[in-house]
Amino acid sequence: MRKRLIGVAVLLMEIVCCAFATAYADDIHYEKITDTTVCITHAEMQGDIVNIPSEIDGYTVTGIRFDNSNAEARYIKLPHTVEQIAPGEFKDWLSLENIYMDPRNAYFFQSDGVLYSRGDRSLHTYPCAKADRAYTIKDGTMSIGAHAFQNCFYLEEVEMPSSATSIGVEAFAENSVLTKCELPEGLIEIGDRAFRACRVWNGSKIPASVETIGINPFDGCLEIARLNVASGSACFAQIDGVLFDKRSKKLISYPAAKMDEAYTIPSGICAVEPEAFRKNQYIQSVVFPQSVESIGAYAMQGCLQLKKVSWLDGLQRIEKYAFAETSLLEIAIPTTITEIADYTFYKCAYLQKADLPEGLEKIGEKAFARTRIQELKCPGTLKNIEKEAFSECRSLEKVEICGENCIVSERAFKKDVMLNQLLISGRTTLGDYAFEGCSALKDVSITGMTEQVGEGCFSACLMLEDVCFTEGLTQIGERAFEKCTALHEITLPYSLEYIGDEAFTLTDRFTLIVQPASFAEEYANDRNIPCQQINNWL
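Residues numbered from 1 in each chain as written. Predicted model: local features only at pLDDT ≥ 70, side-chain atom pairs only at ≥ 80, totals over all residues. Heavy atoms only, no water.

Caption draft 1: Quick look at the packing of aromatic side chains. A full pass over the atoms with the stated rule returns 31 aromatic pairs. Ring geometry for F519 against Y523: centres 6.4 Å apart, planes inclined by 35°, an arrangement best described as tilted. One end of the pair is F519 and the other is Y523, both in helix 2 (residues 519–526) and four residues apart, which spans about a single turn. For Y523, a relative accessible area of 6% translates into the label buried. Over the aromatic face of F236 sits the side chain of R247, whose NZ or CZ is 5.2 Å from the ring centroid. Taking NZ or CZ as reference, R411 lies 4.5 Å from the ring centre of Y433, over its face. (Phe/Tyr/Trp six-rings, centres within 6.5 Å; stacked < 30°, edge-to-face > 60°. Helix = DSSP H or I, 4+ residues; strand = E, 2+ residues; numbered from the N terminus. Buried < 20%, exposed > 50% of the residue type's maximum accessible area, 1.4 Å probe, protein only. Lys NZ or Arg CZ within 6 Å of the ring centre and 35° of its normal.)

Caption draft 2: Region of the structure containing the pairing of strand 23 (residues 250–253). In the sheet, strand 22 (residues 242–245) pairs with strand 23 via three bridges, with the strands oriented antiparallel. Bridged to L243 within strand 23 is S253. Linking strand 22 back to strand 23 in an antiparallel pair, the connection comprises four residues, with K249 at a positive phi of about 55°. (Pairing = 2+ DSSP bridges.)

Caption draft 3: Local environment of the pattern of salt bridges. Following the criterion strictly, the structure yields 27 salt bridges and no others. The partner of E319 in a salt bridge is R317, and the shortest N-O contact between them spans 3.1 Å. When its relative accessible area of 43% is taken as the criterion, R317 is described as partly exposed. With a closest N to O distance of 3.7 Å, E388 and K366 form a salt bridge. Of this pair, E388 sits in the loop between strand 35 (384–385) and strand 36 (398–401) while K366 sits in the loop between strand 33 (362–363) and strand 34 (375–377), and the two are 22 residues apart along the sequence. Owing to a relative accessible area of 10%, E388 belongs among the buried residues under this scheme. With relative accessibility at 18%, the residue K366 sits in the buried group. Look at the salt bridges and you will find they share partners, linking E170, E174, R193, R196 and E275 into a network. (Salt bridge = Lys/Arg side-chain N within 4 Å of Asp/Glu carboxyl O.)

What follows is the structure, encoded as structure tokens:
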């Protein structure tokens, strides 16, 4: 009986291993889909051809999902057994000239080296290195698949059939020489970033039939100065060449080559969509009306000339990277904003002043990292300063934290090399390496309750000489004051319960100020660290 159980256990282990492991055979890697079918994840070239077999090790090949692109392959041959090929599977095969599909395949077919899907009548992949300058999509094709023409660096002109109803995500992205692609009447949907970084659309129109437009389809199109919508559209409109959604009252796309230096968003617009102004190289100031409630992710990221924004208190949400890598000089966050998202003002290299309102509760990861903010006063409502929120702000000299129950997260002020004054008057928790590398930090004043000092919190604060913690501190993490070579005095409260290994860099002048019979006194005595008792605790 025991041998039988062991045998069953071994068999089960083998089944589990086979189900999840990648197998190898003659430079072809695959993963099992079912007991009889596999998905190819890697195949070596034979010359300049990748040849996918219909069967391997007794399994039928039904799927293609390569772990890595093959940038050197010029041709790929696919068997009649393939049923699934992920969208964009070949978008980074930059030398691919031709896709050959076995004509017996029931799911896909190729026409002149271009891969089509039978089931949804879509164009799946146009090879990146196919040398033709112009291409006419087959009649009857209903959709242009996601990434279908991405990175096609010879293609200048595409003619779409009247049957086409949708263009997928990034379908024509990164086609730097594409100059003509007229959209047919009858088209219903244009996907996210469909024409990203293309040259198309000067003089072209969005058909009146279009009902859905995704995230800025013309993101990064640096030669497009104006967008046009065909008359009669019930869903979309252009005002001065800027694209709007009539129904939701949203600004979708501000052309990257529009040369106006100042722009006022029309009153009544409720939202600026993600990536709407992204990488416009001319805009210097934008006025948001009170009707705007949200600014989407990456909305103005990379607008290198943008120096000024004006907004009112109707704004409720600014999403990640919205103003990253702009030239803003100062900003005043509206009182209606409760959270500044991750990377919102990241790498705003000229941003010197940020006014944060009462009511603000959270500052996201790297929200102000690598700016030139000189002074920071946190509102009393602030509860979270997230990871690296103000890291590498090399002009920041003074920080004041007064929020109740405020958590200063990991490396929040890392390498702020000009920071010399830190004032903490609220109830705070200082996270790991929160002030690491603030080499000029000398004046630390803690009048509120700091409950925890994280690992490496003040590591390499070379100018720091003394710190006085108030009652309420319970924990000091490992290496909290590592490499603080000028530190000669720390006052520790009775409430302290834990000090991590190598918390202090001990020098001849170093002394702990402690209360009698406290954990801190015991800690000092156990390690032969000089200490002084103090009885009158503030």
